[in-house]
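A closer look at the structure
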Amino acid sequence: QVQLVQSGAEVKEPGASVKVSCKASGYTFTGHYIHWVRQAPGQGPEWMGWISPNTGGTRYALKFQDRVTTASDTSISTAYMELSRLTSDDTAVYYCARGGQFWSNGNWYWHSFDHWGQGTLVTVSS
Amino acid sequence: QSVLTQPPSASGTPGQRVTISCSGSSFNIGGNTVSWYQQIPGTAPKLLIYSTNQRPSGVPDRFSGSKSGTSASLAISGLQCEEEADYYCATWDGSLNGPVFGGGTKLTVL
């Protein structure tokens with residue numbers, strides 16, 4: 001079965017960076033994009049960006065474009081998300097999620113987040 | 001605030017049918033399919049509906065999705081106590097060039 005297992009909780013000081021890992025199993029890692037979604041306390045989810053493990057291509061939400069980096073290591077089926085210049089507003093649970101997709105007109109298109117990691121709590125506090 | 005608008009709360013009694021709405025625009029719901037997620041507090045969201053009205057394997061057929069224009073709905077029939085949770089809609093937004101979510105609806109089973 002598809003599983004995404006994330007790294008453990010982190011506590012960071014303002015201005016620091018955090019790196020979260022997401023190890024995939026149960027499917028062909030290069031066959032699906034990996035998305036990163038965060039959820040602040042009491043808020044709805046917020047999409048941050050994706051990476052294609054097949055091509056290494058990435059896309060980020062405008063809000064995070066200058067602070068987020070995603071990467072993947074196909075040899076160990078693991079994706080990574082690094083967020084820099086942390087502030088207290090970045091305190092949230094960070095999820096990786098597999099992109100569900102459909103094929104149309106010669107391209108893959110996202111239609112959902114069909115499997116999720118368990119989440120990684122990142123707390124930013126001095 | 002969220003790009004997609006959902007009512008903050010909904011409620012129903014066991015066995016009842018409830019619907020949750022999700023309102024957007026021509027940039028998102030109007031031109032793309034919708035997905036729905038169930039989130040029990042302290043756990044990751046779980047996919048309930050994709051491509052507006054398709055259920056992943058393992059999701060009961062009591063859950064159904066629909067769309068009309070720039071609004072979408074999730075219906076739950078035969079409501080069960082364990083379905084008390086937060087529900088979120090999501091879709092692609094062509095102007096933001098990425099997926100967007102609703103603010104969520106907290107469903108209470110009375």
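1. Re the overall build of chain B
Looking only at helices and strands, one finds zero helices and nine strands in chain B. Reading chain B from its N terminus to its C terminus gives the helix and strand order β-β-β-β-β-β-β-β-β. Here the C-alpha radius of gyration of chain B, 13 Å, is about what a compact globule of 110 residues would show, namely 13 Å. When each of the 110 residues of chain B is scored for burial, the buried share is 45%. For chain B, the distance from the average position of its 6 positive side-chain charges to the average position of its 6 negative side-chain charges is 5 Å.

2. Describing the sheet that holds strand E5 (residues 63-68) of chain B
Residue and element names in this part refer to chain B. Taken in spatial order, the three strands of this open sheet run E2-E6-E5, and their pairing is antiparallel. Two strands bound the open sheet, and with one partner strand each, they are strand E2 (18-23) and E5. Strand after strand, the sheet turns through a mean of 20 degrees between neighbouring axes, direction not considered. Examined bridge by bridge, E5 and strand E6 (residues 71-76) share six bridges and lie antiparallel to one another. Paired with Phe-63 across the strands is Ile-76, a residue of E6.

3. Things to note about the pattern of salt bridges
All names here are of chain A. Throughout the structure, instances matching the rule amount to seven salt bridges over all chains. The residue Arg-85 makes a salt bridge to Asp-66 at a minimum N-O spacing of 3.2 Å. Taken together, the residues span a long stretch of sequence, with Arg-85 in the loop between strand E8 (78-83) and strand E9 (92-104) and Asp-66 in the loop between strand E6 (58-60) and strand E7 (68-73) at a distance of 19 residues. For Asp-66, a relative accessible area of 55% translates into the label exposed. Among the ionic pairs, Asp-90 bridges to Arg-67, the shortest N-O distance being 2.8 Å. Of the two residues, Asp-90 is situated in the loop between E8 and E9 and Arg-67 in the loop between E6 and E7; the sequence distance between them amounts to 23 residues. Judged by relative accessible area, which is 1%, Asp-90 ranks as buried. Through salt bridges that share partners, Arg-38, Glu-46, Lys-63, Arg-67 and Asp-90 make up one connected network.

4. Observations concerning the packing of aromatic side chains
This structure, assessed with the given rule, holds eleven aromatic pairs over all chains. Relative to Trp-50 of chain A, the ring of Tyr-33 of chain A lies with its centre 4.4 Å away and its plane at 40 degrees, an arrangement referred to as tilted. Pair noted here: Tyr-33 of chain A is in the loop between strand E3 (18-25) and strand E4 (34-39) and Trp-50 of chain A is in strand E5 (residues 46-51), with a separation of 17 residues, a long-range link. Given a relative accessible area of 31%, Tyr-33 of chain A falls into the partly exposed group. Summarising the aromatic geometry, the rings of Phe-113 of chain A and Tyr-37 of chain B are spaced 6.2 Å apart at their centres and angled 40 degrees between planes, so their arrangement reads as tilted. Taken together, the residues span two chains, with Phe-113 of chain A in strand E10 (residues 107-116) and Tyr-37 of chain B in strand E3 (residues 34-39). As far as burial versus exposure is concerned, Phe-113 of chain A and Tyr-37 of chain B are alike and both buried. Here the basic side chain of Lys-19 of chain A rests over the ring of Tyr-80 of chain A, its NZ or CZ set 5.0 Å away from the ring centre.

Analysis parameters
- Residues numbered from 1 in each chain as written.
- Chains lettered and ligands numbered in written order.
- Predicted model: local features only at pLDDT ≥ 70, side-chain atom pairs only at ≥ 80, totals over all residues.
- Heavy atoms only, no water.
- Helix = DSSP H or I, 4+ residues; strand = E, 2+ residues; numbered from the N terminus.
- Rg over C-alpha atoms; globule rule 2.2 N^0.38 Å.
- Buried < 20%, exposed > 50% of the residue type's maximum accessible area, 1.4 Å probe, protein only.
- Lys, Arg positive; Asp, Glu negative; His and termini not counted.
- Charge placed at Lys NZ, Arg CZ, Asp CG, Glu CD.
- Pairing = 2+ DSSP bridges.
- Axes fitted to C-alpha atoms, helices over the stretch in contact; angles between N-to-C directions.
- Salt bridge = Lys/Arg side-chain N within 4 Å of Asp/Glu carboxyl O.
- Phe/Tyr/Trp six-rings, centres within 6.5 Å; stacked < 30°, edge-to-face > 60°.
- Lys NZ or Arg CZ within 6 Å of the ring centre and 35° of its normal.

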